[in-house]
Amino acid sequence: MRIVVFGAGVVGVAAAWYLAADGHEVTVVDRQPGPALETSFANGGQISASHAEPWANPRAPLTILKWLGRADAPLLFRPTADWRQWRWALQFLIECLPSRTQYNTIQCVNLALYSRDCLKALRATIGIEYDQLTRGILEFHTDAKSFAGAAVAAELTREYGADRAVKTVDECVAIEPALATCRQRLAGGIFTATDESGDAQRFTQELARLAAARGVAFRWSTTVESLVTDGIALRGARCKTVAEREHRRREIIDADSYVVALGSGSPSLLSPIGVPAPIYPVKGYSATIAVGAHRGAPVVSLTDLERKLVFSRFGDRLRIAGTAELSGYGNALDRVRCDALITRAFELFPDAGVRESAQFWAGLRPATPSNVPLVGATRYRNLFVDTGHGTLGWTMACGSGRALADLIAGRKPDVDFAFTRG
Ligand SMILES: Cc1cc2nc3c(=O)[nH]c(=O)nc-3n(C[C@H](O)[C@H](O)[C@H](O)COP(=O)(O)OP(=O)(O)OC[C@H]3O[C@@H](n4cnc5c(N)ncnc54)[C@H](O)[C@@H]3O)c2cc1C
């Protein structure tokens, strides 16, 4: 079957890989000149399958209120005149109800654990390299009350199959010796030995290269402007290609089936044809510093729960990422938020690396209010979605792509997940 995948972020490229492995003739279309140049560009790098509980939880509204109005807040709601932002925020509040949180946690943990297995299997089969580290993820707490709550939550997610062990301060420092410099601040941690980290952009570029070598076609600098339907099936996509020397070409790209993996760009194409896409961008920041000759940078991937930051080591680079801002589609860098990342990193790890080498980036997480992604069929028989992965797109990309390939082939996916239906 001829299949077009719209979107060459980590999610779209992973889907293309599994579809091609099933023998389909796959074309990937993206407005950028190469893979992973939008949200998959410089994320936190964590394959955090066991930390997959959604942001929408009973504690979230209070946390957001606590930080309201602070420019350096880890969670920030900047109201705009966009009704979609308000609708998303209201849906988010509903998802904070305990019963919704429990259901969403099960969905996210199931897909994330499955996806981690798919990534491991892929690595074993094709030997893909992306600065991966299989040394676990340690979530550390600097507040005793938050640590006590996290220990209870860890127990709960263990019931759903997540492997989370509660650790004392000494145990945390033994797992990651770089934490010795901030030992006095620590209250304890939750460690998942089976979680991983790695550079999502490098992974996506490498997988795209391997996919191209196996026959997947990539159409770069091609923007999807609208989807064309006859009410029952998708007939094609109106696209505009900006070729070299600014030559523009408009055409309809058609295929037998289509997958929308456009991240935050998905609703503007799906909503006009009546496919529900409750996705809104949640902006996040990262800073990447060179470790150089410094010896104080962590190696084990860390989550600083108080500041909602993650630290991941990619060879001689240290990535610090996090913060969430509901502020619309802009991805301009805010100096205060960039500085907050670096300040916190050097506060905890004074010898982490070369401060002046910091490269800042902001990206838009394609978030659903529940944080559960949209993977599966739509009301159009040949249109599928693989989008809305929010905070966990890197963690869930392989599992989503693999499961979607199963659904398209008429096989039952090996994961218990609420796939979208037509
Ligand atoms: C600061 C930060 C830290 C994060 N940390 C982690 C982490 O540690 N672990 C984790 O699992 N996840 C993390 N994430 C989330 C993760 O990065 C995203 O969920 C993931 O990158 C989404 O991938 P995607 O392929 O869906 O979207 P994208 O990477 O944005 O890909 C979508 C693609 O669609 C293309 N596109 C959009 N509209 C159009 C159009 N009209 N026509 C043509 N092409 C179009 C874009 O060019 C883009 O290439 C983080 C995100 C941020 C912002």
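Everything discussed here concerns the structure shown above.
Draft legend 1. Layout of the overall build of the protein. Assigned secondary structure in the protein consists of ten helices and 20 strands. Here the C-alpha atoms of the protein give a radius of gyration of 21 Å, agreeing with the 22 Å that 2.2 N^0.38 yields for 422 residues. For the protein, the spread of C-alpha atoms along the principal axes amounts to about 65 × 45 × 40 Å. Nonlocal contacts in the protein, meaning residues at least 24 apart in sequence, comprise 75% of its contacts between residues at least 6 apart. Accessible surface computed for the protein: about 17400 Å², of which carbon and sulfur atoms make up 54%. When the 48 positive and 43 negative side-chain charges of the protein are each reduced to one mean point, those points stand 3 Å apart.

Draft legend 2. Representation of the sheet that holds strand β19 (residues 374–377) within the structure. In spatial order, the strands read β9-β2-β1-β13-β20-β19; together these six strands make up an open sheet with mixed pairing. Edge positions in the open sheet fall to β9 (217–219) and β19, since each of these has one partner strand only. Neighbour-to-neighbour, the strand axes of this sheet turn through a mean angle of 20°, independent of strand direction. Relative to strand β13 (residues 257–260), strand β1 (residues 2–6) runs parallel, the two sharing four bridges. When the bridges of β13 are listed, V5 appears paired with V259.

Draft legend 3. Summary view of the sheet that holds strand β11 (residues 234–242). If you walk across this open sheet you meet the three strands as β10-β11-β12, and the pairing is antiparallel. Each end of this open sheet is capped by a strand with a single partner; those strands are β10 (222–229) and β12 (248–253). Here the strands of the sheet are splayed against their neighbours by 15° on average, with no regard to which way each runs. Note: β10 against β11, seven bridges, orientation antiparallel. Within β11, the residue paired with S226 across the bridge is R238.

Draft legend 4. Seen up close, empty space enclosed by the protein. For the structure shown, the criterion picks out one cavity of 30 Å³ or more. Taken together, P54, W55, A56, W88, F92, V282, A367, T368, P369, S370, N371 and T391 form the lining of the largest cavity. By residue class, the composition of the lining of the largest cavity is eight nonpolar, four polar and no charged.

Draft legend 5. Structural context of the site of the ligand. Residues in close proximity to the ligand total 34 residues, the closest being D30, S40, Q46, G390 and T395. Within the side chain of E38, an N or O atom sits 3.1 Å from an oxygen atom of the ligand. One nitrogen or oxygen atom from the main chain of V224 is found 2.9 Å from a nitrogen atom belonging to the ligand. Among the secondary structure elements, those contributing two or more residues to the shell around the ligand are α1 (10–21), β10, β14 (280–290), β18 (359–367) and α10 (393–409). For the shell around the ligand, a count of residues per class yields eleven nonpolar, 19 polar and four charged.

Draft legend 6. Looking closely at α10. Here α10 contains 17 residues, and its C-alpha end-to-end distance of 23 Å stays within 8% of the 24 Å for a straight helix at 1.5 Å per residue. The axis of α10 is deflected most strongly, by about 25°, at G399. Within α10, 14 of the 17 residues are buried, which leaves the element mostly enclosed by the surrounding structure. The first or second residue beyond α10 is G410, which carries a positive phi of 80°.

Definitions and limits used
- Residues numbered from 1 in each chain as written.
- Predicted model: local features only at pLDDT ≥ 70, side-chain atom pairs only at ≥ 80, totals over all residues.
- Heavy atoms only, no water.
- Helix = DSSP H or I, 4+ residues; strand = E, 2+ residues; numbered from the N terminus.
- Rg over C-alpha atoms; globule rule 2.2 N^0.38 Å.
- Contact = heavy atoms within 4.5 Å.
- Areas by Shrake-Rupley, 256 points an atom, 1.4 Å probe, with all protein chains shown as cover.
- Lys, Arg positive; Asp, Glu negative; His and termini not counted.
- Charge placed at Lys NZ, Arg CZ, Asp CG, Glu CD.
- Pairing = 2+ DSSP bridges.
- Axes fitted to C-alpha atoms, helices over the stretch in contact; angles between N-to-C directions.
- 1 Å grid on protein atoms, 1.4 Å probe; cavity = no way out; pocket = protein on both sides within 12 Å on 5 of 7 lines; lining within 4 Å.
- Points joined across faces, edges and corners; volume = space filled by probe spheres on them.
- Nonpolar A, V, L, I, M, F, W, Y, C, P; charged D, E, K, R; others polar.
- Near = heavy atom within 4 Å.
- Polar contact = N/O pair within 3.5 Å; in protein donor to acceptor, adjacent residues only side chain to side chain.
- Expected span 1.5 Å × (residues − 1).
- Bend = angle between axes of the 7 residues up to and from the residue.
- Buried < 20%, exposed > 50% of the residue type's maximum accessible area, 1.4 Å probe, protein only.

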